[in-house]
Amino acid sequence: MDVIIIGLLLGGTYALMAVGLQLQYGVARIMNLASGETLVCGAFGAVWFFTAYKMSPLYALIGVVPAAFFANWAIYRFMMLPLVRRAKNQGQLEVDSILATFGLSFVAIGILLALFGGEFLAYSYLATPFSILGQPYALNRIVAFLGAAVVCVGLYIWLHHTRAGLTLRAVSVNPSAAGLVGINVASTSALAFALGGAVSASGGTLLSMFLNFDASLGVIFTLKALVIVIMGGVGDIRGAIVASFILGLTETAVATYLDPGLTLAAAYVLFIVILLVRPEGLFGRRSS
Amino acid sequence: MNLPAAIALSHREQIKLLAGVLIFGAAALLPFFNTTYWLSIGISIAMFTVLATSWALFSGPTNYIALSTAAFFGIGMYIVGGGLPYLPFPALVLVAALAGALFSAVVGLATLRISGVYFVIFTLGLAELVRQVVAWAQHVMGTSSGLYVLIGISDQAMYWLLLGLAALVFLVGWAIGRSRLGFALRIIGNDEVVAVHSGINTARAKVVLFVISSTFAAMTGALVAPRWSYVEPSIAFSPFLSFEVVIMALLGGVHRLWGPLVGVIPFTLLWEFISAKFPSQTTLLLGACFLLIVYFIPRGVVGLIEDFTRERGGAIRDLLKRWTGGHA
Amino acid sequence: MPSATATVALRAEGVSKRFGGLVAVDGMSFALAENEVLGLIGPNGSGKTTMLNLISGATKPSGGAIRLYEHDISATPASEIARRGVARTFQIVRMLPSLTVLENVSAGGVFGHSRRWGRDLEDHARDLLRRVGLQGAGDASVSALTYIDQKRVELARALASDPKVLLLDEWLAGLNPTELRTGIALIEQLRAEGRTIIIVEHVMDAIRSLCDRCIVMNSGAKIAEGTPREVLADPEVIRAYLGDADA
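Let me sum up the structure you'll find in this document.

Rules behind the numbers
- Residues numbered from 1 in each chain as written.
- Chains lettered and ligands numbered in written order.
- Predicted model: local features only at pLDDT ≥ 70, side-chain atom pairs only at ≥ 80, totals over all residues.
- Heavy atoms only, no water.
- Helix = DSSP H or I, 4+ residues; strand = E, 2+ residues; numbered from the N terminus.
- Rg over C-alpha atoms; globule rule 2.2 N^0.38 Å.
- Buried < 20%, exposed > 50% of the residue type's maximum accessible area, 1.4 Å probe, protein only.
- Contact = heavy atoms within 4.5 Å.
- Areas by Shrake-Rupley, 256 points an atom, 1.4 Å probe, with all protein chains shown as cover.
- Lys, Arg positive; Asp, Glu negative; His and termini not counted.
- Charge placed at Lys NZ, Arg CZ, Asp CG, Glu CD.
- Buried area = accessible area lost by both parts, 1.4 Å probe.
- Polar contact = N/O pair within 3.5 Å; in protein donor to acceptor, adjacent residues only side chain to side chain.
- Nonpolar A, V, L, I, M, F, W, Y, C, P; charged D, E, K, R; others polar.
- Salt bridge = Lys/Arg side-chain N within 4 Å of Asp/Glu carboxyl O.
- Axes fitted to C-alpha atoms, helices over the stretch in contact; angles between N-to-C directions.
- Parallel < 35°, antiparallel > 145°, perpendicular 65-115°, else oblique.
- Pairing = 2+ DSSP bridges.
- Phe/Tyr/Trp six-rings, centres within 6.5 Å; stacked < 30°, edge-to-face > 60°.
- Core = buried A, V, L, I, M, F, W, Y, C linked by side-chain atoms within 4.5 Å.

### Some points on the overall build of chain C
Helix and strand content of chain C: nine helices and ten strands. Over its C-alpha trace chain C gives a radius of gyration of 18 Å, about what one expects of a compact globule, namely 18 Å for 247 residues. Seen through its principal axes, chain C has C-alpha atoms that stretch 50 × 40 × 40 Å. Sorting the 247 residues of chain C into buried and exposed places 55% on the buried side. Contacts in chain C between residues far apart in sequence, at least 24 positions, make up 66% of those at least 6 positions apart. Of the accessible surface of chain C, which amounts to about 10000 Å², a share of 50% is contributed by carbon and sulfur atoms. When the 28 positive and 30 negative side-chain charges of chain C are each reduced to one mean point, those points stand 3 Å apart.

Printed below as a string of structure tokens:
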């Protein structure tokens, strides 16, 4: 029971990084290997805010979210768009964007190392027990989960009930057709990429309430987010959320019954199962 | 194809072979100059030559970016570290090669049947995964996380071994280049749909090349393990290694067999300089160099050279033609 | 239908293909005798290219079976189907841009139905280039060729494997009248060599002069089958084409 609730709480918070990557990969068509670093930046922002001002890391979101939004917008506008224009085909763009974001992830790690050093950073916030069904759970995990739920539900409503959201979904389904009906694909992609970065960073801020971070941890989160996106099916937000819960549960089970150091192995096991059984993802449509 | 035709070399190939032998022969003389500093750089260059060239054997023609060099390199290193009490060093290098081949075959079979993106993602965290599993296994078995690699192998011997391995990579790469497998990979890299409809079993071709490439990485890890007398997970499975290998190969150019070598030499020297001058900014500078290469020299130094010779066209090509006997 | 004594090269039995909710091919059945030339015609979007993709193995049928010389190939990978003697061209030309023209042609002759290598392969590829009217262009880069010449290269590549069954997807589209005559003559030669051919085509002159038989598709299903003269007079075929700009 413990495992299930902790797993669900963790999975719910993971959903943010997966949804963020989903926007970047599913809409803007950029497989962002630096997405984990965006998340770590969000976490470090919270740490810095908490230690400097002694205020709830939730307030850090006020700074982290717009900062990540603009940083990721700039990355798309000045680094990805030239690659999109240079690419002769989708395959070329895939290779170039993978390489560019891979390089970017190391630049980000380098900057974080220069600013914060290589130590694990942590703080203690709301580390008080809260009772669910008679069992105590850390309150910070519950608050993080609720924060994530608010962001995900808000995003879902925005995507499905506003004109801008519709534009994003149109580009996600078919960029060239979206262009033909008068949608500015480049600026929509930039918006999706920026929004995705902001969501990933907010995930980092919330995760930092109960996980410790160091500068080099980004790649692990990138990998987990990618596994979730593939498991859920590229382009499907609901899939990403369901897959986040599955990863959260699996990871918590592995950490509890096997070894806390093997969480990445849990993600890989899920990845292999998906590759062998349903490569198009849980909610993905078989393309052929 | 009949056998004599397979072995027979054109005039141009004979010249290339001669040049290769001369270059390797000259490189083999380095230890006689008695400078430890340059020998240590020589070892790095030889090591990265093997890693970057074998990386490009697979990733060059297929355009599948493998980010897993460190995983296989680390496996090789750990096999030497853990196996020294039981087996002699040369046997362990072979075991490492075998382990690298088996592991990469599993990874390749799981991912390369489906799509390039899944392969990249799988390789991205592979080094970290193996590191976690090794650490866990050591924890379960109650051994310490580090391993001592105390073996009397001189720097000269290690340099020559790596140089020999580099020569082997070039020979294998050259043989693949003129084989049906090499032709199949060029077709796959151009258009996978055409490849399939021409009768190429694309998954098998890709897996074979990935296995060859990863086997060399595992052997390199095994050979250089004695360089660190104490091996621990953070050294063996460092993500920077995968990153450096990709940078060097891209800097040189991945569409020629000798391309990565052109990147390895200047980059190793530059790196030596940077890590001495700015030891705390290495990650940032490494990332910045990488971006510069991706954005400004996407086809590597070899691409620049080719553009240059094409512009200068006539004169140089005529010269080359006369020199190589009219086949340039 | 092919006579009872003739060998059936290719047989489709109730073949269907669904993409999500869309039914692209709906219960197609036909048989193709060895050395026959079959025209597959129909309005745009009627499922012709999907049918070719199903035969060449590019996509797998959702239902039914496809047999090549009575062996079921419904689940066989495309590369294996190519090795058993099926070769094709593509509606939109697919060149291998970093390879020379000669290498593009050679690519078809190494791994497919008949396998060549070395001098033998090179001679074979040069022969084929001559056949499609591109002698001397072997060392050129494919990007230097016109679209029509690229189509010729693609046909030469398909022929390089000595296929038993050849699938041509609008190979004659876009040719001028002179080129069209040469193209039709070339396909006639291929049939004279004993190959079995399916052509998907909108050029009705070519259909009339080349095809023994025609199958007309509309909305994924077969609506008529017979000699070109018969099917083109069929009222339902005319109805299917009416209002369609490609008629």
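### Remarks on the interface of chain B and chain A
Taken residue by residue, the interface counts 36 residues in chain B and 42 residues in chain A. Between chain B and chain A, a total of about 3400 Å² is buried, with carbon and sulfur atoms accounting for 81% of that surface. Our enumeration of links across chain B and chain A arrives at seven residue pairs in polar contact (both at pLDDT 80 or more). When contributions to the side of chain B that touches chain A are tallied by element, the ones reaching two or more residues are helix H5 (89-111), helix H6 (116-124), helix H7 (126-141), helix H13 (239-252) and helix H15 (282-296) of chain B. Among the elements that take part in the side of chain B that touches chain A, H15 of chain B stands out by supplying eight residues, more than any other. Among the residues forming the side of chain B that touches chain A, the class breakdown is 26 nonpolar, eight polar and two charged.

### Looking at the interface of chain C and chain B
Taken together, the contact between chain C and chain B spans 25 residues of the former and 19 residues of the latter. Interface area, chain C with chain B, both sides summed: about 1900 Å², of which 64% is carbon and sulfur. There are two salt bridges connecting chain C and chain B. One salt bridge in this structure joins Arg-94 of chain C and Asp-191 of chain B, with 2.8 Å as the shortest N-O distance.

### What to know about the packing of helix H8 (residues 155-177) of chain B against helix H11 (residues 202-224) of chain B
Residue and element names in this part refer to chain B. Contact pair H8 / H11: the axes reach a minimum separation of 10 Å and the direction vectors enclose 175°. Judged by the inter-axis angle, H8 sits roughly antiparallel to H11. Of H11, the residues touching H8 (which contributes Met-158, Leu-161, Leu-162, Leu-165, Leu-168, Val-169, Val-172 and Ile-176) are Leu-209, Ile-212, Phe-216, Met-219, Thr-220, Leu-223 and Val-224.

### So, the pairing of strand E7 (residues 165-169) of chain C
Every other side chain in a regular strand lies on the same face of the sheet, so the side chains alternate between the two faces. Residue and element names in this part refer to chain C. Of all five residues making up E7, five are buried, and the element is well covered by its neighbours. Burial along E7 is two-sided: Val-165, Leu-167 and Asp-169 facing one way and Leu-166 and Leu-168 facing the other are all buried. Alignment of strand E6 (residues 86-88) against E7, held across three bridges, turns out to be parallel. Each residue of the ladder has a partner; that of Val-86, found in E7, is Val-165. Summarising the sheet, E7 and strand E8 (residues 196-200) pair through five bridges and their orientation is parallel. Across the sheet, Leu-167 pairs through a bridge with Ile-198, a residue of E8.

### Quick look at the side chain of Thr-49 of chain B
Assignment of secondary structure puts Thr-49 of chain B in helix H3 (residues 36-62). If near-sequence neighbours (up to four positions away) are discounted, Thr-49 of chain B is found in contact with Ser-54, Ala-166, Phe-170, Leu-261 and Val-264 of chain B.

### Let's talk about the sheet that holds E7 of chain C
Residue and element names in this part refer to chain C. Sheet architecture is open: six strands sit in the order E6-E7-E8-E3-E9-E10, paired in mixed fashion. Taken across any chain shown, the strands that pair with only one partner, and hence form the sheet edges, are E6 and strand E10 (221-226). Going from strand to strand, the sheet's axes swing by 20° on average, the running direction of each strand aside. By the bridge criterion, five bridges tie strand E9 (residues 213-218) to E10 in an arrangement that is antiparallel. From the neighbouring strand, Met-217 faces E10, where its bridge partner is Lys-222.

### Re the packing of aromatic side chains
Two measures describe an aromatic ring pair: the distance that separates the ring centres and the angle between the ring planes. Using the criterion set out here, one finds 30 aromatic pairs over all chains in the structure. Note on Phe-106 of chain A and Phe-243 of chain B: the rings are 3.5 Å apart at their centroids and 5° apart in plane angle, and the pair reads as stacked. Placement of the pair is Phe-106 of chain A in helix H4 (residues 90-116) and Phe-243 of chain B in helix H13, with the two residues belonging to separate chains. Since its relative accessible area comes to 5%, Phe-106 of chain A is described here as buried. Note on Phe-24 of chain B and Phe-170 of chain B: the rings are 5.9 Å apart at their centroids and 70° apart in plane angle, and the pair reads as edge-to-face.

### Digging into the nonpolar core
Ranked by internal contacts, the top residues of the largest apolar core, which has 204 residues, are Met-31 and Phe-213 of chain A together with Trp-55, Ile-187 and Phe-290 of chain B. The dominant element in this core, judged by the number of residues it contributes, is H3 of chain B, at 14 residues. Sequence-distant contacts of Phe-213 of chain A, that is, excluding residues within four places in its chain, are made with Leu-39, Val-40, Ala-43, Phe-44, Glu-119, Phe-120, Leu-121, Gly-204, Leu-207, Ser-208 and Phe-221 of chain A. Judged by nonpolar contacts, the second largest core, of 48 residues, contains Val-132, Leu-134, Ala-156 and Val-231 of chain C.

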